[in-house]
Amino acid sequence: MIQVNERTMGRRNERLRWQLASGLLKVFHLEQLTNRYSRRTVMAGFSLINGTLSIALVSFIALVTQEAFIFPSLGATAFILFHVPLAEPASPRNTFCGHLIGALMGLFSLHVFGLQDQASAFLHGVDLPRVGASALSLGLTGCLMVLFRVVHPPAGATALIVSLGLMPDPAQLPVLMAGVCLLLAHAYCMNRLSGIPYPVWSATKSTPSTGAVSSP
């Protein structure tokens with residue numbers, strides 16, 4: 001039964017991804033590409049272009065402002081937002097709250113182990129306090145995301161980014177979250193343009209029947 005349900009959800013998610021890609025092609029009057037190329041080729045091209053545009057947008061704002069709007073875990077978030085847009089982990093609620101929890105737990109772990117003023121692990125190397133901070137940050141992030149039902153897997157990477165010392169300043173938190181919001185705004189516009197009812201905040205209870213994968 002579990003295998004059947006997984007296959008069914010896989011097919012639904014595949015149809016949803018195709019709706020997203022083909023819907024945007026129609027918006028930009030490029031629907032002839034769906035006849036010229038295979039579905040897999042069109043989907044691969046869509047992932048290439050959309051992933052490039054989403055991260056380029058955030059990176060350009062980081063360039064103009066010279067602030068850390070872009071950070072590694074946004075790459076995984078961007079993929080989820082367009083690969084399974086109606087899944088609960090891809091909802092704005094889960095994405096925003098998940099990254100916020102990850103960043104806060106990273107900062108908390110730095111203070112627990114007295115690393116808030118230390119150089120990052122990539123400059124100073126990994127020692128026992130850094131091991132403790134990274135382990136605690138990830139454990140707490142996973143715990144709180146499950147507890148508050150805001151599971152977003154890339155947030156685990158955000159916790160490590162902070163606890164490893166790459167973004168140790170609490171003043172960077174608003175900028176980090178602004179980067180998340182920019183990515184969510186892009187996902188909302190692109191998904192809605194294609195006709196997919198991407199939620200304004202949280203996934204609806206009917207989401208699983210339209211091809212989403214609900215969190216535990």
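Keep in mind it's a predicted model, so treat the numbers as computed, not measured.

## Considerations on the confidence of the model for the protein chain
So, step 1. Of all residues in the protein chain, 88% have pLDDT values of 70 or greater, and the mean over the chain is 86.
So, step 2. With pLDDT under 50 throughout, residues 206-216 is counted as low confidence; its partners more than four residues away or in other chains account for 22 contacts.

## Examining the packing of helix H4 (residues 73-83) against helix H9 (residues 173-193)
Relative orientation and spacing of two packed helices are given, respectively, by the angle between their axes and the distance between those axes.
So, step 1. Look at H4 against H9: their axes get within 10 Å of each other, and the N-to-C directions meet at 20°. Compared by their axis directions, H4 and H9 come out roughly parallel. The handedness of the crossing between H4 and H9 comes out as right-handed. Together, Leu 74, Thr 77, Ala 78, Leu 81 and Phe 82 of H4 and Gly 179, Val 180, Leu 183, Leu 184, His 186, Ala 187, Met 190 and Asn 191 of H9 make up the contact between the two elements.
So, step 2. Considered class by class, the residues forming the contact of H4 with H9 number 9 nonpolar, 4 polar and no charged.

## Description of unusual backbone geometry
So, step 1. Positive phi outside glycine occurs at Gln 66, with the angle close to 60°.
So, step 2. Its location among the elements puts Gln 66 in the loop between helix H3 (39-65) and H4.
So, step 3. For Arg 149, which is not glycine, the phi dihedral falls at a positive 55°.
So, step 4. Along the chain, Arg 149 turns up in the loop between helix H7 (128-147) and helix H8 (155-163).
So, step 5. Residue classification places Arg 149 among the exposed residues on the basis of a relative accessible area of 62%.

So, how was this worked out
- Residues numbered from 1 in each chain as written.
- Predicted model: local features only at pLDDT ≥ 70, side-chain atom pairs only at ≥ 80, totals over all residues.
- Heavy atoms only, no water.
- pLDDT = per-residue confidence, 0-100.
- Contact = heavy atoms within 4.5 Å.
- Axes fitted to C-alpha atoms, helices over the stretch in contact; angles between N-to-C directions.
- Helix = DSSP H or I, 4+ residues; strand = E, 2+ residues; numbered from the N terminus.
- Parallel < 35°, antiparallel > 145°, perpendicular 65-115°, else oblique.
- Left-handed = near helix turned anticlockwise from the far one by under 90°.
- Nonpolar A, V, L, I, M, F, W, Y, C, P; charged D, E, K, R; others polar.
- Buried < 20%, exposed > 50% of the residue type's maximum accessible area, 1.4 Å probe, protein only.

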